[in-house]
Amino acid sequence: IDPHQEININKLLNKKTDWLKEAYPTYEITFKKDFDPELPPIFGNEESIQHVFTNVLKNAVEASPEICQIVISTSYIPKEGILSIKIRDFGSGMPDKIKPKIFDPFFSTKPNGTGLGLSICNEIVKTHNGSIYFEKPDNENTILEVWDDNTDIGQVKYTIGTICVINLPVSD
């Protein structure tokens, strides 16, 4: 494996979303893709970057209801020389108290989780001179999970979700 490959991020994300639909046959997943068509390539290890996307996308699907939408966007920030990839789920959101621990080895909120997924992702992204972090969506982008004409507005459950932001430097 060539550790110094040019990587087309949009193409790689398309490949991963196709794979996820097959990997989660009981889920009805809709991917909303907002890809920058002029995205320059990054330079790195494609297998490693693919591992990061696989893990983050699996986490997004597993945090969501079985009928779900995952929003993926890519953009190029020329003055910083980085690509920004955002992956958003519409699950229950990430509690603030666990945010400082999410990249710690062996920390997991999943009953059968090893706690290595995000820890490894963080190391891979750092190795590529990038950054990975999570943020809350703004309140205007919340989605009403369940409601009908008889729903008491006080009982409405809002689904906020979480956005994973991955920033990677572009190839020279």
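Structure shown above.
The following refers to the structure shown. (Residues numbered from 1 in each chain as written. Predicted model: local features only at pLDDT ≥ 70, side-chain atom pairs only at ≥ 80, totals over all residues. Heavy atoms only, no water.)

### Considering the overall build of the protein
Right, on to step 1. Counting secondary structure elements, the protein contains three helices and nine strands.
Right, on to step 2. Counting from the amino terminus, helix and strand elements in the protein follow one another as β-α-β-β-α-β-β-α-β-β-β-β.
Right, on to step 3. Burial analysis of the protein (172 residues in total) assigns 41% to the buried set.
Right, on to step 4. Long-range contacts, defined here as pairs at least 24 residues apart, represent 75% of the contacts in the protein between residues at least 6 apart.
Right, on to step 5. Carbon together with sulfur atoms contributes 49% to the accessible area of the protein, which is approximately 10300 Å² in total. (Helix = DSSP H or I, 4+ residues; strand = E, 2+ residues; numbered from the N terminus. Buried < 20%, exposed > 50% of the residue type's maximum accessible area, 1.4 Å probe, protein only. Contact = heavy atoms within 4.5 Å. Areas by Shrake-Rupley, 256 points an atom, 1.4 Å probe, with all protein chains shown as cover.)

### Quick look at the nonpolar core
Soluble globular proteins tend to pack their nonpolar side chains together in the buried interior.
Right, on to step 1. Membership of the largest hydrophobic core comes to 39 residues, with the highest contact counts inside it found for Ile-9, Ile-49, Phe-53, Leu-57, Ile-70 and Ile-166.
Right, on to step 2. At the level of secondary structure, the elements contributing two or more residues to this core comprise helix H1 (9-23), strand S2 (28-34), helix H2 (46-62), strand S4 (67-77), strand S5 (82-89), helix H3 (117-127), strand S6 (131-135) and strand S9 (162-169).
Right, on to step 3. Take this core: its biggest share by element is seven residues, from H2.
Right, on to step 4. With residues near it in sequence (within four places) discarded, Ile-49 still touches Ile-7, Ile-9, Leu-12, Ile-42, Ile-124, His-128 and Leu-168. (Core = buried A, V, L, I, M, F, W, Y, C linked by side-chain atoms within 4.5 Å.)

### Some words on the sheet that holds S6
Right, on to step 1. What the five strands build is an open sheet, ordered S2-S4-S5-S9-S6; its pairing is mixed. If you trace the sheet from one side to the other, it starts and ends with S2 and S6, each paired once. Going from strand to strand, the sheet's axes swing by 15 degrees on average, the running direction of each strand aside.
Right, on to step 2. Across eight bridges, the pairing between S5 and S9 is antiparallel. (Pairing = 2+ DSSP bridges. Axes fitted to C-alpha atoms, helices over the stretch in contact; angles between N-to-C directions.)

### Some thoughts on the packing of H2 against H3
Right, on to step 1. Contact geometry of H2 with H3 gives a least axis separation of 9 Å together with a crossing angle of 145 degrees. Relative to H3, H2 is oriented so that their crossing is left-handed. When H2 is examined against H3, the residues Ser-48, Ile-49, His-51, Val-52, Asn-55, Val-56 and Asn-59 are found in contact with a partner set consisting of Gly-117, Leu-118, Ile-120, Cys-121, Ile-124 and Val-125.
Right, on to step 2. Broken down by class, the residue content of the contact of H2 with H3 amounts to eight nonpolar, five polar and no charged. (Left-handed = near helix turned anticlockwise from the far one by under 90°. Nonpolar A, V, L, I, M, F, W, Y, C, P; charged D, E, K, R; others polar.)

### Things to note about the environment of Tyr-133
Right, on to step 1. Tracing the sequence through the fold places Tyr-133 in strand S6.
Right, on to step 2. Taking the C-alpha atoms as reference, Tyr-133 lies 9.4 Å from Ile-102; in sequence the two are 31 residues apart.
Right, on to step 3. Leave out the neighbours within four places in its chain, and Tyr-133 touches Phe-103, Ile-163, Cys-164, Val-165 and Asn-167.

### Some words on the pattern of salt bridges
Right, on to step 1. Scanning the model with the defined rule gives one salt bridge in all.
Right, on to step 2. Lys-126 serves as the salt-bridge partner of Glu-123, at 4.0 Å between the closest nitrogen and oxygen. With Glu-123 and Lys-126 both in helix H3 and three residues apart, this pair spans about one turn of that helix. (Salt bridge = Lys/Arg side-chain N within 4 Å of Asp/Glu carboxyl O.)

### Examining the packing of aromatic side chains
Right, on to step 1. All chains considered together, the criterion is met by two aromatic pairs.
Right, on to step 2. Seen in terms of ring centroids, Tyr-24 and Tyr-27 are 5.4 Å apart; in terms of plane orientation they differ by 80 degrees. Their pairing is edge-to-face. Each of the two residues, Tyr-24 as well as Tyr-27, counts as buried.
Right, on to step 3. Ring geometry for Phe-103 against Phe-134: centres 6.1 Å apart, planes inclined by 35 degrees, an arrangement best described as tilted. (Phe/Tyr/Trp six-rings, centres within 6.5 Å; stacked < 30°, edge-to-face > 60°.)

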